[in-house]
Amino acid sequence: MDRYVIVGNGVAGVKAAEVIRQRDPRSSITMISNEKYPFYFRPQLASYAAGKITDAQITARKEAFYQRNKIELIIGKSVTKVSPGERQVTLGDGSAFPYDALLLATGCSLQTLDFPGADKTDDIVKLMTLEDAKRLRQKMKAGKRAAVVGDGFLTTALIDALLGGGMEVVYLIPEDRFWPDVMDADASRIMEVRIQERGVEVVKNAQVKEVVVKGGVMAGLRLTDGKLVRCELAGLKGAMRPNVAFLEGNGVRVESGIVVDERMRTSVKDVYAAGDVVQLAEMPPELPLINVRWLKAWRQGQVAGANMAGDKMEYEEYACFSSTQVAGVDLVAIGVSNPPDGGYKIMRGEYPHPELDIYKKLVLKDDRVVGALLIGDVAEASEVHRAIRQGKKIDEMDETLLRQMFDLSFPLTRYQGIVCPVCKLVMSISPDMKLGDTITCPSCGIEIKITRELLARK
Ligand SMILES: Cc1cc2nc3c(=O)[nH]c(=O)nc-3n(C[C@H](O)[C@H](O)[C@H](O)COP(=O)(O)OP(=O)(O)OC[C@H]3O[C@@H](n4cnc5c(N)ncnc54)[C@H](O)[C@@H]3O)c2cc1C
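Residues numbered from 1 in each chain as written. Predicted model: local features only at pLDDT ≥ 70, side-chain atom pairs only at ≥ 80, totals over all residues.

A. The arrangement of helix α7 (residues 185–197) in detail. Here α7 is 13 residues long and its end C-alpha atoms lie 18 Å apart, about the 18 Å a rise of 1.5 Å per residue gives. Taken residue by residue, α7 has A187, S188, I190, M191 and I195 as its buried positions. All buried residues of α7 project into a common sector of 155 degrees when viewed along the axis, lining one side. For α7, the exposed residues lying more than 90 degrees away from the buried face are A185, V193 and E197. Tucked inside the fold, the buried residues of α7 contact β10 (168–172), β11 (201–203), β20 (321–326), β23 (359–365) and β24 (368–375). The positive-phi residue at the C-terminal boundary of α7 is G199, with phi of around 95 degrees. (Helix = DSSP H or I, 4+ residues; strand = E, 2+ residues; numbered from the N terminus. Expected span 1.5 Å × (residues − 1). Buried ≥ 20, exposed ≤ 12 C-beta atoms within 10 Å, placed from the backbone. Arc of directions from axis to C-beta. Contact = placed C-beta atoms within 7 Å.)

B. Quick look at the site of the ligand. Taken together, the neighbourhood of the ligand is formed by 37 residues, with G8, G10, G107, G275 and T324 sitting nearest. Per-class residue counts for the shell around the ligand are 19 nonpolar, 13 polar and 5 charged. (Near = placed C-beta within 6 Å. Nonpolar A, V, L, I, M, F, W, Y, C, P; charged D, E, K, R; others polar.)

C. How the structure looks around helix α5 (residues 130–139). Three or more residues of α5 are buried, namely L130, A133 and L136. Projected down its long axis, α5 shows its buried positions confined to an angular sector of 115 degrees, all on one face. Residues of α5 that are exposed and point more than 90 degrees away from the buried face comprise E131 and Q138. Contact partners of the buried residues in α5: α2 (45–49) and α6 (153–164).

D. Inspection of the sheet that holds strand β9 (residues 145–149) at higher detail. Spatial ordering of the open sheet is given by β11-β10-β9-β15, a layout of 4 strands whose pairing is parallel. In this open sheet, the two strands that pair with only one neighbour each are β11 and β15 (233–235). Each strand axis lies, on average, 20 degrees off the axis of its neighbour in the sheet, ignoring direction. Pairing geometry for β10 and β11, over 3 bridges, is parallel. (Pairing = 2+ DSSP bridges. Axes fitted to C-alpha atoms, helices over the stretch in contact; angles between N-to-C directions.)

E. Region of interest: the environment of A101. Along the chain, A101 falls in strand β7 (residues 101–104). Since 24 C-beta atoms lie within 10 Å of it, A101 is described here as buried. Linking A101 and V211, residues 110 residues apart in sequence, is a C-alpha distance of 46 Å. When residues no more than four places from it in sequence are discounted, the contact partners of A101 are D2, Y4, D270, Y272 and M308.

F. Focus on the domain arrangement of the protein chain. Parsing the protein chain into structural domains produces domain 1 (3–107 + 243–308), domain 2 (110–238) and domain 3 (321–455). One C-alpha centre belongs to domain 1, the other to domain 2, and the line joining them spans 30 Å. Contact with domain 1, which involves 10 residues of that partner, is made by 11 residues of domain 2. Across the side of domain 1 that touches domain 2, the residue classes break down as 7 nonpolar, 1 polar and 2 charged. (Domains from an automatic or database assignment.)

G. Highlighting the environment of D132. Structurally, D132 can be placed in helix α5. For the pair D132 and A49, spaced 83 residues apart in sequence, the C-alpha to C-alpha distance is 8.5 Å. Setting aside residues no more than four positions away along its own chain, D132 makes contact with K126 and L127.

H. Fine view of the packing of helix α1 (residues 11–23) against helix α8 (residues 294–308). It is at 7 Å that the axes of α1 and α8 come closest, and there the two elements cross at 35 degrees. The handedness of the crossing between α1 and α8 is right-handed. For the pair formed by α1 and α8, the contact residues are V11, A12, G13, K15, A16, A17, V19, I20 and R23 on the first element and W294, A297, W298, Q300, G301, Q302, A304, G305, A306 and M308 on the second. Its residues placed into classes, the contact of α1 with α8 shows 12 nonpolar, 5 polar and 2 charged. (Left-handed = near helix turned anticlockwise from the far one by under 90°.)

I. Quick peek at unusual backbone geometry. Cis peptide bonds are those with omega within 30 degrees of zero, and the linkage from Y351 to P352 qualifies with -5 degrees. Turning to its location among the elements, P352 is positioned in the loop between β22 (345–347) and β23. Residue D270 is not a glycine yet carries a positive backbone phi of 65 degrees. In this fold, D270 is placed in the loop between β17 (258–260) and β18 (271–273).

J. Just the environment of I258, in detail. Note that I258 resides in strand β17. Residue class for I258 comes out buried when judged on the 27 C-beta atoms lying within 10 Å of it. Sequence spacing of I258 and T324 is 66 residues, and the spatial spacing of their C-alpha atoms is 25 Å. Once residues lying within four places of it in the same chain are set aside, the contact partners of I258 are L104, P242, V244, V252, T266, A273, V277, V278 and Q279.

K. Focus on the nonpolar core. Of all hydrophobic cores here, the largest spans 139 residues; its most connected members are A16, L103, A273 and A274. Per-element accounting of this core gives the leading share, 8 residues, to α6. In this view, A274 contacts A12, A16, L103, A105, M264, A297, Q300, G301 and A304; residues no more than four positions away in its chain are not counted. (Core = buried A, V, L, I, M, F, W, Y, C linked by C-beta atoms within 7 Å.)

L. Examining the pairing of β20 more closely. By the criterion of burial, β20 is predominantly enclosed, with 5 of the 6 residues buried. In this structure, β20 lies alongside strand β21 (residues 329–335), joined through 6 bridges in antiparallel fashion. Opposite S323, over in β21, you have V332 as the bridge partner. Connecting the antiparallel pair β20 and β21 is a turn made up of 2 residues, with A327 showing a positive phi of about 50 degrees.

Pasting the structure below:
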């Protein structure tokens, strides 16, 4: 009988535990998390902070799940040391847990940049954990003003939460466009308009110089051009950092994240890692070393769990896949979705269209599809992802798929997909689905009813 220990109770850790239990009904599984809650849907934090969903609704696995799967769950405790020589992990309270196979699935934390003045106020907010969301609930007061700096879905999640809490929001975009890593200027414009339509004031090229605090109360953010953006709460730009401090000096190789091979093995025998904390040893050059994505963490947890239980499964990273909802709009970015100038061709049919909030494009290099961006309608996302994975050339792509993507008079028939509102996974919908049918998200397990609105995309 083996002893499996999993550090981290997020999607990567939980998926691994499920997979281990399926393959090994008898061994012991211990999961340790320094958060105080059972596994919850992290991408739902904005809805939770805004009071739109309850504790029960954000909880992804209730206590019964851990009992049924005979998983010992230790919450609210940090692992402070991993000792591969003794094959054990030690918690902050000194207790130790021996392992035969260990998974490190500790995710990332947001480290906000060190703006002068930020340490003088308690009104800097963020939204990475359930604890952050609970704190944000306390802090939000309808009618007050918040400033949010940054880009990407973590920033827009914070904006959603603040709007949901009845606050006025000013969004300070540091660059000349929203989310420049994945968006070109046209795509960004569509998103900016959608964000503004929700009542958010958008300021571009806004570089924050300092947080201005007067008499212990936040007065606002001072920009480098001297302007003061008045606010009572602020969400600041930050960088994602892997949670690896407890690994220092124990031989587990850490660079931008914990380095793993295609079977999610670290440099130390019987120690595996998965999810946001991981950096793959072999990375396609266009990919960011660390990328924070639910689907990726879920798949890596699956591969790690299978290998820990004695299988041989490989994880393949073929193109960074971001699926999310920004300002209520489905959005998928795959691979090189906003290439640097030169060497790439862009295919975008009739987009951007003056009357549609939909945008689709493919990015080609030497006629091979290497990236895509789909906004407002992600029907073809899974199929395009598959084509990129297979390294298809544009003339090898299914003609119906291309017509459906780029010819606006062509009906959405064969390929259909939506973003799961809970975990943001992209799901394919079968073309023969009818009103009232349900589909189950393979990642988070929630059931989604096919509504008139979804069918209207056909
Ligand atoms: C607000 C928000 C919105 C998001 N929206 C999207 C989205 O739209 N689409 C998308 O793809 N992704 C989204 N994500 C990202 C997605 O949630 C993450 O990619 C995913 O949760 C990563 O899972 P994980 O298991 O790797 O790590 P986590 O979910 O971060 O879990 C790691 C756990 O390990 C614990 N831990 C860390 N160190 C220790 C230690 N020393 N001892 C014990 N426990 C420890 C942590 O506290 C945490 O509970 C969003 C994230 C946030 C915060």
